[in-house]
Amino acid sequence: MRCSKGTYIRSLARDIGKELGCGATLKELRRLASGNFDLSMAHSLVEIHQAYQEGSLGNMVMPPGEFLKDLKAVVVRGGSDNRIRNGAPLTGAMDYFQDQSIGRGEHFRVEDGKGEIVAIYRAEQDMEGEQGRRGDIILARPYIML
């Protein structure tokens, strides 16, 4: 089944069984993919332990830019990237650029001028695609600092 987040598969099976008049439950539930990830990217505990013993565990770790590429981006420039790295809220007065609209409550990645992801932020209000430098209003607050 392909479904969006928040879909309760066990409840769906129960409801289908109820409608059929025979009852139903799940014997097994396995997530095959989520966002950019699928099982082909997974490693077993044995593989992880072996890589650790061989000193190659770092080769199994995906860089943040790879697994966060589905998030919309805001690029901060100039001295603003240092403020972001220190956990400051994103304000309209900072030097930034975004080319997509970001809705209130939505998480997005913040990149420096070199394209490196420095943080994940959560929008405090709707943000239309725009350039910065329009007042000190807080647009977003840090969620995760990288």
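Conventions adopted
Residues numbered from 1 in each chain as written. Predicted model: local features only at pLDDT ≥ 70, side-chain atom pairs only at ≥ 80, totals over all residues. Heavy atoms only, no water. Buried < 20%, exposed > 50% of the residue type's maximum accessible area, 1.4 Å probe, protein only. Helix = DSSP H or I, 4+ residues; strand = E, 2+ residues; numbered from the N terminus. 1 Å grid on protein atoms, 1.4 Å probe; cavity = no way out; pocket = protein on both sides within 12 Å on 5 of 7 lines; lining within 4 Å. Points joined across faces, edges and corners; volume = space filled by probe spheres on them. Nonpolar A, V, L, I, M, F, W, Y, C, P; charged D, E, K, R; others polar. UniProt positions renumbered as here; feature names shortened; annotations may be inferred. Pairing = 2+ DSSP bridges.

- If you check an unreviewed UniProt entry, the protein appears there as tRNA pseudouridine55 synthase from Candidatus Hakubella thermalkaliphila.

What about helix H2 (residues 45-54)?
The periodicity of an α-helix, 3.6 residues per turn, causes residues three or four positions apart to be oriented the same way.
Then comes step 1: With one of its 10 residues buried, H2 lies for the most part at the surface.
Then comes step 2: Once H2 finishes, Gly 55 follows within two positions and takes phi at roughly 75 degrees, a positive value.

Concerning the layout of surface pockets
Then comes step 1: If you add up the space inside the largest pocket, you get close to 840 Å³.
Then comes step 2: Cys 3, Ser 4, Arg 31, Ala 33 and Ser 34 are the residues nearest the centre of the largest pocket, which is lined by 21 residues in total.
Then comes step 3: Here the lining of the largest pocket is built from residues that sort into nine nonpolar, six polar and six charged.

Describing the UniProt feature "domain: tRNA pseudouridylate synthase B C-terminal" (unreviewed entry) in the protein
Then comes step 1: In the UniProt entry, the feature "domain: tRNA pseudouridylate synthase B C-terminal" (unreviewed entry) is given for residues 10-63.
Then comes step 2: Structurally, residues 10-63 comprises 39% helix and 7% strand, and the distance from its first C-alpha atom to its last is 33 Å.

Let's talk about the pairing of strand E7 (residues 117-123)
Then comes step 1: Of all the seven residues making up E7, six are buried; the element is thus mostly covered by neighbouring parts of the structure.
Then comes step 2: Taken together, the five bridges between strand E6 (residues 107-111) and E7 define a ladder with antiparallel strand orientation. What sits directly across from Arg 109, in E7, is Ile 120.
Then comes step 3: Connecting E6 to the next strand, E7, in antiparallel fashion are five residues, including Gly 115 with a positive phi near 85 degrees.
Then comes step 4: In this structure, E7 lies alongside strand E9 (residues 138-145), joined through five bridges in antiparallel fashion. The residue of E9 that forms the bridge with Arg 122 is Arg 141.

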